[in-house]
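A closer look at the structure
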Amino acid sequence: MLELKNINTYYGEFHAIRDVSFKVDQGDFFLVVGPNGHGKSTLLKTICGLLRTASGQIVFNSTEITRSATDKIVEMGLVYVAEERHLFPQMTVLDNLKLGAYNTNARAKERETLEYVFHLFPRLGEFKNRYAATLSGGEARMLTLGRGIMSCAKLLAIDEPSFGLAPILRNEVFDKINEINSSGMTILLVEQNVTQVVDFADRICLIEDGCIVFDGPREEALLNEHVKNVFLGG
Amino acid sequence: MNIWVQQIIQVIISGIVTASAYAIMGIGLSVIYGISRVFNFAYGSFFTWGAYFAWILFATFSWMNYPLVFLIVVPAMFFLGMGTEKVVVRSLRWRKNWQVTTMMVTLGLAFFMDNLALVIFGGFAKPLPPLFRGAINPFGFTLSVQDLAMLIIAIVVILVFSLFMSKTRVGRCMQAISQDMTGAEIVGIPIKKIFSYTFGLSTALVGTGGILLAPRYFITPHGGWAPFFRVFVIVAFGGLGSIRGTLYAAFILAIFESFVSWGLGATWVMPFWFLVFLGVLAFRPSGLMGTWG
């Protein structure tokens, strides 16, 4: 569904992503792990067109999107859910969700998708007339996910959803992401808090210093000494 | 009624009328910064050119009238603004120090536009016919129909503008961009296109201001700088990027200006604006509603 071929990205002068290649299959829960500041967020931003690759190729649903603008990429169903949230603070929850359905495909299904989002996150339905700025950290995180789904996403690229949340809320968020995945959505998740999410993943990829040092199915990752040392063992 | 009270009320009325034109122009300058993050130094020149376009129409067609002038000039200004964004700003955006670069480039554009006007129209001031003639005298005050019309047009423009921002898709996208540009990009809003629209909208607003104020003053090639400077102080005072702040600031400062002009004389008007500007920078650089930076 999504394929990266030898991607290189610079963040200013800094060579943040080095020759990264991987493949996400339809329906997968693909987990990218790695220490902070090792290029995971840069990777997602590159895929979603917010940053430009210096070289390499990105293919989504057999269309090349390497140099496409973000709005075109979103329209194709590849949607980024940012760590920094980037909600519209002076708009209501409902307006935030509706703006998620900006692209033509999503607009046509706005009502159905909205129903699904409210079913998935009943709290968002309760708070639909509240301003996004007044939401708690956990609620805001749910709203970013809901807004991503509203874009008629086929693949959600989620950046560090546990960031700034208490452990109990993290679990709630991860459970929701798993639920979204179970309904058929492909998930590309970047995370540091691996222990709470590892059970959901189909495939795990470890990034260090912008390079992929491991990429394989979960079972294999759990047996890999390096992966275990870096994350699972603590 | 006491003659002083009557005069003071008259001064306030006059301030409110000017405020309405400043408010329209202030909103235009504010949105262009709040949404497309560009400070447009050619804003005053677009003001002048809006008035010149109106003058051309009146000078060419003897049967020309104001409704038709607005109908032709306002859309023309919109497209001129969109074109300016595409040609002048777009290629510079997001390069190193682009916000400073675009300021300099729009300043250059201002000189170009002003001097083009000087070459084409000459240095002599051009008049526009009055919007309306005559005056009314409600409760013993004098209010020219022209001023009343200006006030009404400005209120209508501001209402249409706020409806546009809150009800239309493009307006909501503009709001989204001003609240979180990356967020807008993430949800798939084509931000480049919206930037062009914003430039167009802003230019159309200042063009409207130009046509509204031209019948009161004359049109000269460099005549846009004085209103531009005032509007600049207004948006700085109200908080650049904040529409509501701009509206409050337009009314507060225009009424003050009116008092300064009445009490101290018209020569003190520009020093007054300058003092307000210094005061804003010294005591509250983010403005009343503060969204600078």
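Just so it is clear, the structure is predicted and the values come from calculations on it, not from any experiment.

About the thresholds
- Residues numbered from 1 in each chain as written.
- Chains lettered and ligands numbered in written order.
- Predicted model: local features only at pLDDT ≥ 70, side-chain atom pairs only at ≥ 80, totals over all residues.
- Heavy atoms only, no water.
- Pairing = 2+ DSSP bridges.
- Helix = DSSP H or I, 4+ residues; strand = E, 2+ residues; numbered from the N terminus.
- Axes fitted to C-alpha atoms, helices over the stretch in contact; angles between N-to-C directions.
- Contact = heavy atoms within 4.5 Å.
- Phe/Tyr/Trp six-rings, centres within 6.5 Å; stacked < 30°, edge-to-face > 60°.
- Buried < 20%, exposed > 50% of the residue type's maximum accessible area, 1.4 Å probe, protein only.
- Lys NZ or Arg CZ within 6 Å of the ring centre and 35° of its normal.
- Buried area = accessible area lost by both parts, 1.4 Å probe.
- Salt bridge = Lys/Arg side-chain N within 4 Å of Asp/Glu carboxyl O.
- Polar contact = N/O pair within 3.5 Å; in protein donor to acceptor, adjacent residues only side chain to side chain.
- Core = buried A, V, L, I, M, F, W, Y, C linked by side-chain atoms within 4.5 Å.
- Parallel < 35°, antiparallel > 145°, perpendicular 65-115°, else oblique.
- Left-handed = near helix turned anticlockwise from the far one by under 90°.
- Nonpolar A, V, L, I, M, F, W, Y, C, P; charged D, E, K, R; others polar.

Focus on the sheet that holds strand 8 (residues 186-191) of chain A
Residue and element names in this part refer to chain A. The strand order 6-7-8-3-9-10 describes an open sheet built from 6 strands, whose pairing is mixed. Of all strands in the sheet, those with a lone pairing partner are strand 6 (78-81) and strand 10 (211-217), marking the two edges. Direction aside, neighbouring strands of the sheet carry axes that sit 15° apart on average. Strand direction decides the pairing type here: strand 9 (residues 203-208) and strand 10, joined by 6 bridges, are antiparallel. Its bridge partner lying in strand 10, Cys-205 is registered against Asp-215. Against the sheet, helix 8 (residues 167-182) makes contact with strand 3 (29-33), strand 7 (155-159) and strand 8, and its axis sits at roughly 155° relative to strand 8, the strand it touches most.

As for the side chain of His-86 of chain A
Along the chain, the position of His-86 of chain A falls in the loop between strand 6 and helix 3 (93-100). The contacts of His-86 of chain A, once residues within four sequence positions are left out, are Arg-147 of chain A together with Asp-180, Thr-182, Gly-183 and Ile-186 of chain B.

Structural notes on the packing of aromatic side chains
Per the stated rule, a full pass over the model turns up 28 aromatic pairs over all chains. Taken together, a centroid distance of 6.4 Å and an interplanar angle of 45° make the contact between Phe-39 of chain B and Phe-228 of chain B tilted. Of this pair, Phe-39 of chain B sits in the loop between helix 1 (3-36) and helix 2 (43-60) while Phe-228 of chain B is found in helix 9 (residues 225-238), placing the two residues 189 residues apart along the sequence. On the basis of relative accessible area, Phe-39 of chain B is assigned to the buried category, the value being 5%. Just above the ring of Tyr-102 of chain A sits the side chain of Arg-107 of chain A; from NZ or CZ to the centre is 5.5 Å. Taking NZ or CZ as reference, Arg-93 of chain B lies 3.8 Å from the ring centre of Phe-195 of chain B, over its face.

A closer look at the interface of chain B and chain A
Facing 16 residues of chain B, the contacting portion of chain A comprises 20 residues. When the two sides are added together, the surface that chain B and chain A hide from each other amounts to roughly 1700 Å², 62% of it contributed by carbon and sulfur. Of all residues in chain B, Gln-179, Ile-186 and Val-187 of chain B bury the most surface against chain A, accounting for 37% of the area lost on that side. Taken together, the links from chain B to chain A amount to 1 salt bridge. With its nearest N and O atoms 2.7 Å apart, the salt bridge here joins Asp-95 of chain A to Arg-172 of chain B. Taken together, the links from chain B to chain A amount to 4 residue pairs in polar contact (both at pLDDT 80 or more).

Looking at the sheet that holds strand 2 (residues 14-24) of chain A
Residue and element names in this part refer to chain A. Taken together, 4 strands build an open sheet; the order of strands is 2-1-4-5 and the sheet is antiparallel. Both edges of this open sheet fall to strand 2 and strand 5 (63-64), since each of them pairs with a single strand only. Pairing analysis gives 7 bridges linking strand 1 (residues 2-11) to strand 2, with the strands arranged antiparallel. Its bridge partner lying in strand 2, Leu-2 is registered against Val-24.

What to know about helix 1 (residues 40-47) of chain A
Residue and element names in this part refer to chain A. Within helix 1, 7 of the 8 residues are buried, which leaves it mostly tucked inside the rest of the structure. Of all the positions in helix 1, only Lys-40, Thr-42, Leu-43, Leu-44, Lys-45, Thr-46 and Ile-47 are classed as buried. Following helix 1 by one or two positions, Gly-49 adopts a phi angle in the positive range, close to 85°.

What about unusual backbone geometry?
Glycine aside, residues mostly have negative phi, and peptide bonds are mostly found in the trans state. Residues and elements named next belong to chain A. At Asn-6, a position not held by glycine, the phi torsion is positive, near 50°. Summarising the element assignment, Asn-6 is placed in strand 1. For Asn-6, a relative accessible area of 39% translates into the label partly exposed.

Topic: the pattern of salt bridges
All names here are of chain B. Tallied over the entire structure, the rule returns 11 salt bridges over all chains. The closest approach of N and O atoms between Asp-147 and Arg-216, which form a salt bridge, is 3.2 Å. With Asp-147 in helix 5 (residues 145-167) and Arg-216 in the loop between helix 8 (191-213) and helix 9, the pair connects residues that are 69 residues apart, well separated along the chain. Connected through salt bridges with shared partners, the residues Glu-85, Arg-90 and Arg-93 form a single ionic network.

A closer look at the side chain of Glu-85 of chain B
Among the structural elements, Glu-85 of chain B can be located in helix 3 (residues 66-89). Those residues within four positions of Glu-85 of chain B in sequence are excluded, and the remaining contacts are Arg-90, Arg-93, Lys-192, Phe-195, Ser-196 and Phe-199 of chain B.

Concerning the environment of Arg-107 of chain A
Structurally, the position occupied by Arg-107 of chain A is in helix 4 (residues 104-108). With a relative accessible area of 33%, Arg-107 of chain A lands in the partly exposed category. For the pair Arg-107 of chain A and Met-150 of chain A, spaced 43 residues apart in sequence, the C-alpha to C-alpha distance is 8.7 Å. Sequence-distant contacts of Arg-107 of chain A, defined by excluding residues within four places in its chain, comprise Ala-101 and Tyr-102 of chain A together with Arg-169 of chain B. A polar contact of 2.7 Å, which involves the side chain of Arg-107 of chain A, links it to the backbone oxygen of Tyr-102 of chain A.

Details of the nonpolar core
Counting residues in each nonpolar core, the largest one holds 84 residues, and the members touching the most others are Met-25, Leu-29, Val-69, Ile-177, Ile-189 and Trp-273 of chain B. Here this core takes 12 residues from helix 1 of chain B, the largest share from any one element. Among all residues touching Ile-189 of chain B, those that are not within four sequence positions of it are Asp-71, Leu-99 and Tyr-102 of chain A together with Cys-173, Ala-176, Ile-177, Ala-184 and Ile-194 of chain B. Counting residues in hydrophobic clusters, the runner-up holds 47 residues, among them Val-79, Leu-143, Met-185 and Val-227 of chain A.

Observations concerning the packing of helix 2 of chain B against helix 4 (residues 98-121) of chain B
All names here are of chain B. Following both chains from N to C, one finds helix 2 and helix 4 inclined at 25°, their axes separated by 9 Å at the closest point. Overall, the two elements helix 2 and helix 4 adopt an arrangement that is roughly parallel. Judged by the twist between their axes, the crossing of helix 2 over helix 4 is left-handed. Every residue of helix 4 that contacts helix 2 at Ser-45, Phe-46, Trp-49, Tyr-52, Trp-55 and Ile-56 is listed here: Leu-109, Ala-110, Met-113, Asp-114, Leu-116, Ala-117, Ile-120 and Phe-121. Considered class by class, the residues forming the contact of helix 2 with helix 4 number 12 nonpolar, 1 polar and 1 charged.

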